[in-house]
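Letter by letter, the chains look like this.
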Amino acid sequence: MFKGRSLLTLLDYTPDEIRSLLELAHRLKAEKSQGIFPHRLADKNIVLLFEKTSTRTRCAFEVAAYDEGARVTFLSNSQMGKKESLEDTAKVLGRFYDGIEFRGFEQQTVVDLVKHSGVPVWNGLTDLYHPTQVLADVMTVQEHIDKPLNQIKFVYVGDARNNVANSLMIISAKLGMHFVAVSPKDLFPDAKLTADMKALAGETGGSIEITDSIDGVVGADVLYTDVWVSMGEEAQFGERIKLLEPYRIDMDMVKKTGNPDMIFLHCLPSFHDLETVVGRQIFDEYGLREMEVSDEVFRSRHSKVFDEAENRMHTIKAVMVATLTDELDN
């Protein structure tokens, strides 16, 4: 069921398969907390192929691999697309490695890596999808909200066209959650993806709602946001600020949910203060001390962002173990 498969988008996985990955992630997290390391990936070699910068994705893959006994190569200066075609690079890497992680721009790149490498490929982020992130997000929801997933109202606020919003809508539809994207109309998600996920949600008992009204947050169990400008879109800061400033998650929005037990999630990094070079540049140019989330919310009891960040490691470990071993096929 799992061994030998790639993870390019959760569109390719059934609801039961996603639940199995989440259950495995919880089990592997419990093992690690007890100091149990069975080294299921002993003698496996994994390459991490990066076009975009990273903190959580690289570290999560490396630590997860080491915990399970694998060896890792971090490759950010390959010849792929420069002096060597993607096809040739994939064929070489497939001879050396048992699995390939890719973090970059084009979704087609991961598709082609699968086609030519002959080994499992895991999408660590592309412009369209971020599947390992949303597995960690749902794992965090399961840890902090005492409700079945089909009773969860999951609200994403901000740029609803980006890879994280796409993937959250997909996993919500797969698992029967009530997903709401609260966004300016200019940043609504792709119409076809939305229609497809509404149809899927109709089969799983979930629902998909897209709105430009802040009232969409009422009753939320989860408020989620992401940066206003994704990597490669930095020239659009001024335009995005005008569109998205009314959608900043602040304590007024938290109170508007009417749910004192709601949690706040963010895939990170977050511009919630002036402790970054980019944050200071934005302040100097636009006068903003915080962007997609207020510092008050980010540091509040509602915020579970660092649990969420840790869970990247556990869910990524589950994906590698599932696709490189018989762990979930027995």
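Residues numbered from 1 in each chain as written. Predicted model: local features only at pLDDT ≥ 70, side-chain atom pairs only at ≥ 80, totals over all residues. Heavy atoms only, no water.

**Considerations on unusual backbone geometry**
With an omega of 0°, the peptide bond between L268 and P269 qualifies as cis. The backbone of H39 sits at a positive phi, close to 55°, despite the residue not being glycine. Assignment of secondary structure puts H39 in the loop between α1 (15–33) and β1 (45–50). Judged by relative accessible area, H39 falls into the partly exposed class, the value being 41%. Positive phi outside glycine occurs at L268, with the angle close to 70°. The topology assignment puts L268 in the loop between β9 (263–266) and α10 (277–286). Classification of L268 by relative accessible area gives buried; the value is 12%. (Helix = DSSP H or I, 4+ residues; strand = E, 2+ residues; numbered from the N terminus. Buried < 20%, exposed > 50% of the residue type's maximum accessible area, 1.4 Å probe, protein only.)

**Some thoughts on the pairing of strand β8 (residues 222–225)**
Neither face of β8 is open: one carries V222 and Y224, the other L223 and T225, and all of them are buried. Sheet topology note: the β8/β9 ladder contains four bridges and is parallel. Residue L223 lies in a different strand from β9, and its bridge partner there is F264. (Pairing = 2+ DSSP bridges.)

**Remarks on the sheet that holds strand β2 (residues 71–75)**
Here four strands make up an open sheet; going across it, the order is β2-β1-β3-β4 and the pairing parallel. Of all strands in the sheet, those with a lone pairing partner are β2 and β4 (121–125), marking the two edges. Taken pair by pair, the neighbouring strands of this sheet meet at an average axis angle of 20°, ignoring direction. Bridge count between β1 and strand β3 (residues 99–103): five bridges; the pairing is parallel. Its bridge partner lying in β3, I46 is registered against G99. On top of the sheet, helix α4 (residues 107–117) reaches β1, β3 and β4; it is set at about 165° to β4, its chief contact. (Axes fitted to C-alpha atoms, helices over the stretch in contact; angles between N-to-C directions. Contact = heavy atoms within 4.5 Å.)

**Some details on the side chain of S294**
Along the chain, S294 falls in the loop between α10 and α11 (295–298). Not counting chain neighbours up to four residues away, the residues in contact with S294 comprise R248, I249, D250, M251 and H272.

**A few points about the pattern of salt bridges**
Under the defined criterion, the tally for this structure stands at 22 salt bridges. Salt-bridge contacts for R240 lead to D159; the nearest nitrogen and oxygen are separated by 3.5 Å. With R240 in helix α8 (residues 237–244) and D159 in the loop between β5 (153–157) and α6 (163–175), this residue pair connects regions lying 81 residues apart in the sequence. Take R240 and D159: they sit in the same class, and that class is buried. Taken together, the shared-partner salt bridges connect R27, E31, R40, E68 and E327 into one network. (Salt bridge = Lys/Arg side-chain N within 4 Å of Asp/Glu carboxyl O.)

Just distances and angles here, no functional claims.
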